[in-house]
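Observations on the model geometry
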Amino acid sequence: MKAGIFVVDDHYMVIEGIRSLLQNEKTLDWMGHATNAESCLSFLRLHEPDVILMDVNLPDKSGIDLCKEVKQLYPSVAVLGLSTFNQQAIIRNMMDNGASGYVLKNAAKEELLEAINTVIKGKVYYSFEVTSSLRKAEPHQLLITRREKEVLLLIAEGLTNAEISEKLFISIPTVNTHRKSLLEKFEAKNTAMLIGKATKLGLI
């Protein structure tokens, strides 16, 4: 039996790179890819891969939140965090939300295969660089989605919800949802506090 592999990443070069590395592996079955959380969940309603290689930073939802949702709905699917981020807080959040392992996007073919084969067996896999990062003490780091970052920058420019809605081509309720999410993540009581905290963290 071949192990089904599915990739969730919004960069086609990454997707094609992984596909080219894995497509000739006789024990693996390339099932396809999704470029956002919504299309990933749509795929999973019809198909169930053995392993999902999941980017941490997606355009509509963080990979951490998506990982948690996938594991709640499809507990038998192993999720491998896939990212350029090597920060301890992000790695631990991904693992705490159900990931079976974490590899960086600069991983060689051998390392990627080892990671996939390890999680298929029900074991946990960390790449060498990730293991080194986890041994270091790092300050807490916030993870916001790409869309939240866009909304944050426009809030900092002083735009209203209506203006942000028009600029990003999204509804006003959606803008309001992103604004509330940002206030919660930054533990900010108001917009001024949100901008102040985001500025200190270098996000603005």
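Above this text sits the structure in question.
Since we're looking at a predicted model, the values are computed, not measured.

Moving on, we come to the packing of aromatic side chains. For the coordinates displayed, the defined rule picks out one aromatic pair. With centroids separated by 4.0 Å and ring planes inclined at 10 degrees, the aromatic side chains of Phe 6 and Phe 43 adopt a geometry described as stacked. With a gap of 37 residues between them, Phe 6 in strand S1 (residues 3-8) and Phe 43 in helix H2 (residues 37-44) connect regions that are remote in the sequence. Residue Phe 6 is classed as buried on the basis of its relative accessible area of 1%.

So, about the nonpolar core. With 28 residues, the main nonpolar core has Val 8, Ile 52, Met 54, Leu 66, Val 70, Met 94 and Tyr 102 as its most contacted residues. Listed by contribution, the elements that provide at least two residues to this core are S1, H2, strand S3 (51-55), helix H3 (63-73), helix H4 (88-96) and strand S5 (101-104). When residues of this core are assigned to their parent elements, the largest contribution, five residues, is made by H2. If we skip the residues at most four places from it in the chain, Met 94 touches Met 54, Val 56, Gly 63, Ile 64, Cys 67, Val 79, Gly 81, Ala 99 and Tyr 102. One finds Val 7, Ile 15, Val 103 and Ile 116 within the second-largest nonpolar core, a separate group that totals 19 residues.

On to the sheet that holds strand S6 (residues 125-126), then. Read across the sheet, six strands follow the order S2-S1-S3-S4-S5-S6 without closing on themselves; strand pairing throughout is parallel. Strands with a single pairing partner mark the edges of an open sheet, and in this sheet they are strand S2 (28-34) and S6. Sheet topology places S5 next to S6; two bridges connect them, and they run parallel. What sits directly across from Tyr 102, in S6, is Tyr 126. Packed on one face of the sheet, H3 meets S1, S3 and strand S4 (78-83) and runs near 155 degrees to S3.

Parameters at a glance
Residues numbered from 1 in each chain as written. Predicted model: local features only at pLDDT ≥ 70, side-chain atom pairs only at ≥ 80, totals over all residues. Heavy atoms only, no water. Phe/Tyr/Trp six-rings, centres within 6.5 Å; stacked < 30°, edge-to-face > 60°. Helix = DSSP H or I, 4+ residues; strand = E, 2+ residues; numbered from the N terminus. Buried < 20%, exposed > 50% of the residue type's maximum accessible area, 1.4 Å probe, protein only. Core = buried A, V, L, I, M, F, W, Y, C linked by side-chain atoms within 4.5 Å. Contact = heavy atoms within 4.5 Å. Pairing = 2+ DSSP bridges. Axes fitted to C-alpha atoms, helices over the stretch in contact; angles between N-to-C directions.

Treat this as a map of the structure, not an account of what it does.
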